[in-house]
Amino acid sequence: MNEPNWDLLIVGGTVLTMEPDCEPIKDGAVAVANGRIAAVGLAENLLEHAPTGEVVNAAGCIVMPGLVNTHAHLAMTLMRGLADDLPLMDWLTNHIWPAEKNHMDRETVRLGTELAVVEQFRAGITTTTDMYFFGNDVASVLADAGMRGVVAESLIDTATPRCSGPEEMMDKQRQLAEEFRDHPLITPSVAAHSPYSVCAANLVKEAELAEDLGVPMQIHLSETRGEVEKLIEEKGRTPVAYLADLGVLSERTEAAHCVHDSPEDVDILVELIGGTTVAKELVETAIRHGKHVVTANKALIAEFGNEIFALADEHGVEVRFEAAVAGGIPIIKALRCLLYTSDAADE
């Protein structure tokens, strides 16, 4: 029998495979060959096969699948703390958008993205989304670093640091999709900023473009009470109902935040998207619709966490964190595994 030809063997840590009914592997090992996981098991068993590649000692560490950040504006790391703790629209219109106009260009977007990549890798994040400007540069930075990404050139009805208007933004989205089509790490995406900053016609065009290109569509949705109240006043509908009526929502939609959705909104999102970022009502709706995975905003976890987890656990629904472990790791299982390893470390 030929010995395996591994490029890398990570040994000595506690391995969390996240497979159903699989307990953490204490003093485990993960073997890598040709950029892919080749074997997982006890370190003593895998070490018997004398790998030809590098051996990394992960003693005292957790070895687990990478975390997934499901909503980000990576280059905005350069503006961290700027005019913080303000209402959203005050923060955007009077501080962030002027700062972007004055300071964000191709070079600063690349620098901010590079900083975000370092911070994310250090936090265990190996896949990220991004909706910002200079999307092809953002994608290149992620690809060069070896990080997976769902990357968009954002669309808004006003000028951005890169584009003079929505038509130019859509042209850049098409270029991004063409440049990174079938890329091993990058999934190109379109993105409409929000229902309050993009007109109905452009929202529809974005959804149609996503369908034509076969890519996801990112959008901010129901982020604040003010946004919801304003749209109800102007359109007579909640942001979710408004997008549904426009035909914008589909399985391609990645709706960020969704903090202030009504139970009716949740039903719409579950029906049209299949899952989103909401609180206890989503778990209840998921149960009614027979869904098994939902994603919860971390602010809502802080406010409703015990109720959400108890209800989800009772009915076998997995709750995942937005911008933390969504899309990759069921948070309840992750927390249980972390508690297990913490208890083991104390023994």
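All figures in this text were calculated on a predicted structure; none of them were measured in a lab.

Visitor: Just give me the short version of the overall build of the chain, but keep the residues and values in it.
Guide: Counting secondary structure elements, the chain contains 12 helices and 13 strands. With 347 residues in all, the chain has 48% of them scored as buried. Within the chain, residue pairs in contact and separated by at least 24 positions form 61% of the contacts whose partners lie at least 6 positions apart. Carbon and sulfur atoms make up 51% of the accessible area of the chain, which amounts to about 17000 Å² in all.

Visitor: Residue-level account of the sheet that holds strand β8 (residues 148-155), with values.
Guide: Strand pairing in a sheet relies on backbone hydrogen bonds, with the paired strands running either antiparallel or parallel. Strand order in the open sheet made by the six strands is β6-β7-β8-β9-β10-β11, with parallel pairing throughout. Two strands lie at the open edges of the sheet, namely β6 (67-69) and β11 (253-257), each paired on one side alone. Taking the axes of each pair of neighbouring strands and ignoring which way they run, one obtains an average angle of 20° across the sheet.

Visitor: Tell me about helix α3 (residues 106-122), and please be specific about residues and values.
Guide: Over its 17 residues, α3 runs 25 Å from end to end, which matches the ideal 24 Å to within 8%, given 1.5 Å per residue. Turning to α3, its buried residues are Thr108, Val109, Gly112, Thr113, Ala116, Val117 and Gln120. Buried residues belonging to α3 abut β6, α2 (88-103), β7 (125-132) and α4 (135-145). Just past α3, the residue glycine 124 takes up positive phi, approximately 90°.

Visitor: Break down the packing of helix α5 (residues 166-179) against helix α6 (residues 200-213) for me, citing the residues and quoting the values.
Guide: Orientation of α5 relative to α6, taken along the N-to-C sense of each, is 15°, at an axis distance of 11 Å. As judged from the angle between their axes, α5 and α6 are roughly parallel. Between α5 and α6 lies a crossing whose hand is right-handed. Residue-level contacts link Pro166, Glu167, Met170, Gln173, Arg174 and Ala177 of α5 to Asn202, Lys205, Glu206, Leu209 and Leu213 of α6. In the contact of α5 with α6, the residues fall into five nonpolar, two polar and four charged.

Visitor: Can you break down a nonpolar patch on the surface residue by residue, with the values?
Guide: There is a patch of nonpolar side chains on the surface, built from Leu78, Leu111 and Leu115 and spanning about 240 Å² of accessible area. Mapped onto the secondary structure, leucine 115 falls in helix α3. With a relative accessible area of 33%, leucine 115 lands in the partly exposed category.

Visitor: I'd like a description of the nonpolar core, backed by residues and values.
Guide: If you look at the biggest cluster of nonpolar residues, it comprises 28 residues, and the most contacted ones within it are Val190, Leu203, Met217, Leu221, Leu243 and Leu269. When contributions to this core are tallied by element, the ones reaching two or more residues are α5, β9 (186-192), α6, β10 (217-221) and α8 (239-246). Per-element accounting of this core gives the leading share, five residues, to α6. The next biggest cluster of nonpolar side chains, apart from the first, holds 25 residues, and it includes Ala75, Tyr132, Phe134 and Met147.

Visitor: Which residues make up the environment of valine 215, and what are the values?
Guide: Note that valine 215 resides in the loop between α6 and β10. Classification of valine 215 as buried rests on a relative accessible area of 5%. Sequence separation between valine 215 and serine 189 is 26 residues; the distance between their C-alpha atoms is 5.2 Å. Contacts of valine 215, omitting those with residues within four sequence positions, involve Pro188, Ser189, Val190, Ala210 and Arg252.

Visitor: Describe the pairing of β9, with residues and values.
Guide: Counting buried residues in β9 gives six out of seven residues, a clear majority hidden from the surface. Judged from the seven bridges that link them, β8 and β9 form a sheet pairing that is parallel. Among the inter-strand pairings, glycine 149 is bridged to a residue of β9, identified as isoleucine 186. Crossover connection from β8 via α5 to parallel β9: handedness right-handed. Here β9 pairs with β10 via three bridges, running parallel.

Visitor: Just give me the short version of the side chain of serine 140, but keep the residues and values in it.
Guide: Relative to the assigned elements, serine 140 resides in helix α4. With near-sequence residues (within four places) excluded, serine 140 lies in contact with Arg110 and Phe180.

The rules behind these values
Residues numbered from 1 in each chain as written. Predicted model: local features only at pLDDT ≥ 70, side-chain atom pairs only at ≥ 80, totals over all residues. Heavy atoms only, no water. Helix = DSSP H or I, 4+ residues; strand = E, 2+ residues; numbered from the N terminus. Buried < 20%, exposed > 50% of the residue type's maximum accessible area, 1.4 Å probe, protein only. Contact = heavy atoms within 4.5 Å. Areas by Shrake-Rupley, 256 points an atom, 1.4 Å probe, with all protein chains shown as cover. Pairing = 2+ DSSP bridges. Axes fitted to C-alpha atoms, helices over the stretch in contact; angles between N-to-C directions. Expected span 1.5 Å × (residues − 1). Parallel < 35°, antiparallel > 145°, perpendicular 65-115°, else oblique. Left-handed = near helix turned anticlockwise from the far one by under 90°. Nonpolar A, V, L, I, M, F, W, Y, C, P; charged D, E, K, R; others polar. Patch = residues over 30% accessible without salt bridge, like charges linked within 9 Å, V, L, I, M, F, W, Y side chains within 5 Å. Salt bridge = Lys/Arg side-chain N within 4 Å of Asp/Glu carboxyl O. Core = buried A, V, L, I, M, F, W, Y, C linked by side-chain atoms within 4.5 Å. Right-handed = clockwise from strand over helix to strand, strands pointing away.

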